[in-house]
Amino acid sequence: MTLPPIIGLALACAVALMPTAPAKAADATFAYKISYRNIAKDPDGIWAGPALSPSPTGTVTIHEYTLKSAQGDWLISQIWNADCGSATCPTRLVRTSTDGKKTVVVDDMMHQVIPPDDPRFAALPKSDAQAAFAWAPFHLSSDGKELLNGDFRFEIGGEKP
């Protein structure tokens, strides 16, 4: 039996957007929280000092993603600043304990994200995979020991105050 073209297309899109990791990992997807644009100070206190040096466009922007899990509350903070490369920017994974203490557990260069509410996102040509990445660029591995950012993997190890 042949499917009508529209159903075939819808099925192909659904399969293309399915997570490739186990279902358990889908629960560990970070959700877009907020973007702070043209700032001089990080409202969440994750970035300070030289990290707030403006990008070549003269601005600093921070994009944040959150996840609530059994391991606690997590925050991804990516800063667009003078340290950004052509496709990567400084990014931190921060764990917040029940007493409110924030601990940076990953601090590295990660794929630059363009969140779905960014005005440039609508104008960018993108594949289904690129659109899915914009909505969910960060995941915890199914065992909770790695942060996944596209094809980048970062071990969640020792804590840094």
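Since the model is a prediction, treat every value here as computed from it, not as a measurement.

Moving on, we get to the sheet that holds strand β1 (residues 31-36). On the basis of which strands lie adjacent, the open sheet formed by 5 strands has the order β1-β2-β3-β4-β5 and antiparallel pairing. Every other strand in the sheet has two partners, leaving β1 and β5 (102-111) as the edge strands with one partner each. With strand direction ignored, the average angle separating the axes of adjacent strands in the sheet is 20 degrees. Both β1 and strand β2 (residues 61-69) contribute to a ladder of 5 bridges, which runs antiparallel. For Tyr-36, the partnering residue across the bridge sits in β2 and is Ile-62.

Before going further, it helps to spend a moment on the packing of aromatic side chains. Inspection of the entire model under this criterion finds 3 aromatic pairs. With 5.4 Å between their ring centres and 70 degrees between their planes, Tyr-32 and Tyr-65 make a pair best called edge-to-face. Within this pair, whereas Tyr-32 is found in strand β1, its partner Tyr-65 is found in strand β2, the two being separated by 33 residues in sequence. On the basis of an interplanar angle of 85 degrees and a centroid distance of 6.0 Å, the ring pair of Phe-152 and Phe-154 is categorised as edge-to-face. Ring pairs connect the aromatic residues Tyr-32, Tyr-65 and Phe-138, which therefore count as one cluster.

Under the counting rule described, the total for this entry stands at 1 disulfide. Here Cys-84 pairs with Cys-89 through a disulfide, and the sulfurs are 2.1 Å apart. Every disulfide takes its handedness from the sign of the S-S torsion; for Cys-84 and Cys-89 that torsion is 120 degrees, giving right-handed. Taking the relative accessible area as the measure of exposure, Cys-89 reaches 0% and is therefore buried.

The sheet contact formed by strand β6 (residues 139-140) and strand β7 (residues 146-149) spans 2 bridges and is antiparallel. Its bridge partner being in β7, His-139 is matched across the sheet by Leu-148. As judged from the 4 bridges shared by β7 and strand β8 (residues 152-155), these two strands associate in the antiparallel manner. By the bridge assignment for β8, Leu-147 is matched with Phe-154. Where β7 folds back onto β8 in an antiparallel hairpin, the turn is made up of 2 residues, including Gly-150, whose phi is positive at roughly 60 degrees.

What counts as what
- Residues numbered from 1 in each chain as written.
- Predicted model: local features only at pLDDT ≥ 70, side-chain atom pairs only at ≥ 80, totals over all residues.
- Heavy atoms only, no water.
- Pairing = 2+ DSSP bridges.
- Helix = DSSP H or I, 4+ residues; strand = E, 2+ residues; numbered from the N terminus.
- Axes fitted to C-alpha atoms, helices over the stretch in contact; angles between N-to-C directions.
- Phe/Tyr/Trp six-rings, centres within 6.5 Å; stacked < 30°, edge-to-face > 60°.
- Disulfide = S-S within 2.5 Å.
- Buried < 20%, exposed > 50% of the residue type's maximum accessible area, 1.4 Å probe, protein only.

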